Amino acid sequence: PEERAATRAAVDCACDPTGNGDYHQDFRIIRPIDGIERWLSASGRVFFVAGHAVRHVGTLQDITESKQAKETLRKSRDQLKTFIQQAPLSIAMFDLDMNYLANSSRWLVQHGRGYADLIGYNHYEVHPDLPAEWKVIHQQVLAGATLENNEDMWIQNDGSTHWLRWTALPWIDENAKTGGIIITAEDITAQKMMEMEVVERRNDLENLQKLQIAAHTASAIAHELNQPLAEISAYSEVALHAQIGRA
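We now turn to the structure provided with this report. Since this is a predicted model, take the numbers as computed values, not measurements.

## Describing the pattern of salt bridges
Counted by the stated rule, this structure contains 12 salt bridges. Linking Asp78 and Arg74 is a salt bridge whose minimum nitrogen-to-oxygen distance equals 2.8 Å. In this pair, Asp78 and Arg74 both sit in helix α2 (residues 64-86), four residues apart, roughly one turn of the helix. With a relative accessible area of 30%, Arg74 lands in the partly exposed category. Because the salt bridges share partners, they merge into one network encompassing Arg38, Asp62 and Glu65.

## A few points about the pairing of strand β4 (residues 91-95)
Look at any regular strand and the pattern is simple: side chains alternate between the two faces of the sheet. Of all five residues in β4, five are buried; the element is thus mostly enclosed. Burial along β4 is two-sided: Ile91, Met93 and Asp95 facing one way and Ala92 and Phe94 facing the other are all buried. Two elements, β4 and strand β5 (residues 100-103), share three bridges in a ladder whose sense is antiparallel. If you follow Phe94 over to β5, its bridge partner there is Tyr100. Where β4 folds back onto β5 in an antiparallel hairpin, the turn is made up of four residues, including Met98, whose phi is positive at roughly 65 degrees.

## Considering the sheet that holds strand β1 (residues 22-30)
Strand order across the open sheet formed by three strands is β1-β2-β3, with antiparallel pairing between neighbours. Lying at the two open borders of the sheet, with one neighbouring strand each, are β1 and β3 (52-62). Neighbour to neighbour, the strand axes of the sheet diverge by 25 degrees on average, direction disregarded. Sheet analysis places β1 next to strand β2 (residues 37-49), joined by nine bridges and oriented antiparallel. What sits directly across from Arg28, in β2, is Trp39. Across the sheet, helix α1 (residues 4-14) is in contact with β1 and β2; its angle to β1 comes to roughly 155 degrees. On the sheet, α2 packs against β1, β2 and β3 and is oriented at approximately 120 degrees with respect to β2.

## Some remarks on empty space enclosed by the protein
Following the criterion strictly, the structure yields one cavity of 30 Å³ or more and no others. Quantified by volume, the largest cavity comes out at close to 190 Å³. Lining the largest cavity are 14 residues, with His123, Trp134, His138, Ile183 and Ala185 positioned closest to its centre. Those elements that provide at least two residues to the lining of the largest cavity are α3 (105-111), α5 (132-142), β7 (161-172) and β8 (178-187). A per-class count over the lining of the largest cavity returns 10 nonpolar, four polar and no charged.

## Concerning the nonpolar core
In summary, soluble globular proteins display a tendency toward joint burial of nonpolar side chains. Residues Phe94, Tyr100, Trp107, Trp134, Trp166, Ile181 and Ile183 are the most contacted members of the largest nonpolar core, which totals 20 residues. Sorting the residues of this core by element identifies β4, α4 (123-126), α5, β7 and β8 as the ones contributing at least two each. Take this core: its biggest share by element is four residues, from α5. Discounting residues that sit within four places of it in the chain, Tyr100 has contacts with Ala92, Met93, Phe94, Trp107, Leu118, Ile119, Gly120, Tyr121, Asn122, His123, Val126 and His127.

## So, the packing of aromatic side chains
Per the stated rule, a full pass over the model turns up five aromatic pairs. Arranged with centres 4.6 Å apart and planes meeting at 55 degrees, the rings of Phe94 and Tyr100 form a pair that is tilted. With respect to burial, Phe94 and Tyr100 carry one shared label: buried. Relative to Trp107, the ring of Tyr100 lies with its centre 6.4 Å away and its plane at 70 degrees, an arrangement referred to as edge-to-face. Here the two residues Tyr100 and Trp107 agree in accessibility, since each one is buried. Among the aromatic residues, ring-to-ring pairing joins Phe94, Tyr100 and Trp107 into one connected group. Looking at Arg55, its charged tip hangs above the ring of Phe47, at a distance of 4.3 Å from the centre.

Cut-offs used in this document
- Numbering of residues starts from 1 in each chain and follows the order in which that chain's sequence is written.
- Residues qualify for local features only when their pLDDT is at least 70, as the model is predicted, and side-chain atom pairs are given and counted only at 80 or more; totals for whole chains, interfaces and linings, by contrast, use all residues.
- The side-chain numbers reported here are obtained from all heavy atoms of the structure, hydrogens and water having been left aside.
- Criterion for a salt bridge: a side-chain nitrogen of Lys or Arg within 4 Å of a carboxyl oxygen of Asp or Glu.
- Only DSSP runs of H or I reaching four residues or more are called helices, and only runs of E reaching two or more are called strands; each is numbered from the N terminus.
- Three exposure classes are used, based on accessible area relative to the maximum for each residue type with a 1.4 Å probe and protein chains only: buried under 20%, partly exposed in between, and exposed over 50%.
- A pair of strands is treated as paired once DSSP finds two or more bridges between them.
- For helices, the axis comes from a line fit to the C-alpha atoms of the stretch in contact; other axes are also lines fit to C-alpha atoms, and the angle between any two N-to-C directions lies between 0 and 180 degrees.
- Only heavy atoms matter for contacts: two residues are in contact if any of them lie within 4.5 Å across the pair.
- Only protein atoms enter the 1 Å grid used here, on which a cavity is any set of points holding a 1.4 Å probe that cannot leave and a pocket is any open set flanked by protein within 12 Å on both sides along at least five of seven lines; residues with an atom within 4 Å of a point are listed as lining.
- Grid points are joined across faces, edges and corners, and a volume is the space filled by probe spheres set on the points.
- Amino acids are sorted into nonpolar (Ala, Val, Leu, Ile, Met, Phe, Trp, Tyr, Cys and Pro), charged (Asp, Glu, Lys and Arg) and polar (every other residue, Gly among them).
- Residues grouped as a nonpolar core are buried Ala, Val, Leu, Ile, Met, Phe, Trp, Tyr and Cys residues, joined through side-chain atoms within 4.5 Å.
- Only rings of Phe, Tyr and Trp enter the pairing, Trp through its six-membered ring, and a pair is recorded when the two centres are within 6.5 Å. The plane angle decides the type: under 30 degrees is stacked, over 60 is edge-to-face, the rest tilted.
- Charge over a ring is defined by NZ of Lys or CZ of Arg lying within 6 Å of the ring centre and within 35 degrees of the ring normal.

So this is what it looks like as structure tokens:
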């Protein structure tokens with residue numbers, strides 16, 4: 001019923017001899033036999049002779065299941081956007097051009113670059129210093145891949161180093177096609193720096209132990225060398241006294 005005026009306008013437009021005579025319109029009907037609502041798709045062409053419509057050829061197709069499936073996917077997408085906005089994760093949803101559709105508050109804190117709201121902004125404009133290989137990854141995900149990295153380094157324009165643990169996967173729109181990508185990206189810089197400090201301290205400890213071992217070894221060698229040297233020295237002293245006595 002709501003589409004009646006639009007359907008009539010589409011047919012009237014097709015009957016206008018100044019146009020090409022084609023029309024396509026989706027509309028709903030209430031089926032008289034059971035009162036159930038159905039979606040129909042009408043396509044056709046009007047043929048003209050001397051500026052007058054003389055013939056009309058068209059098709060009428062029941063697209064209820066297709067419409068319902070699209071509506072289900074649309075609702076799922078809306079629920080997904082709501083989930084992302086409320087998620088306690090650093091997560092964001094993008095369209096095919098990497099424009100922000102939704103993001104969590106945690107994403108805004110970690111990756112917002114000072115923006116109060118990211119919706120509608122392009123990811124590459126917000127982050128002009130993204131590594132080139134990440135842009136390649138985004139295209140791979142848009143082509144259907146699901147990718148992840150548990151430790152990825154990002155050096156930003158200000159020289160600061162950030163470590164991220166991320167996952168990227170495509171999301172499907174109401175036409176059963178890839179509508180964009182979803183990225184989770186947790187900043188693990190503090191954790192990574194702590195791990196690096198632990199490794200550095202462990203290396204320092206190992207080096208200290210090696211120096212201690214080397215010092216003990218040198219001391220032992222010196223002790224071993226001192227024993228025969230002491231004996232030689234004592235022998236030399238006795239021999240010297242004996243020689244003096246004979247003199």
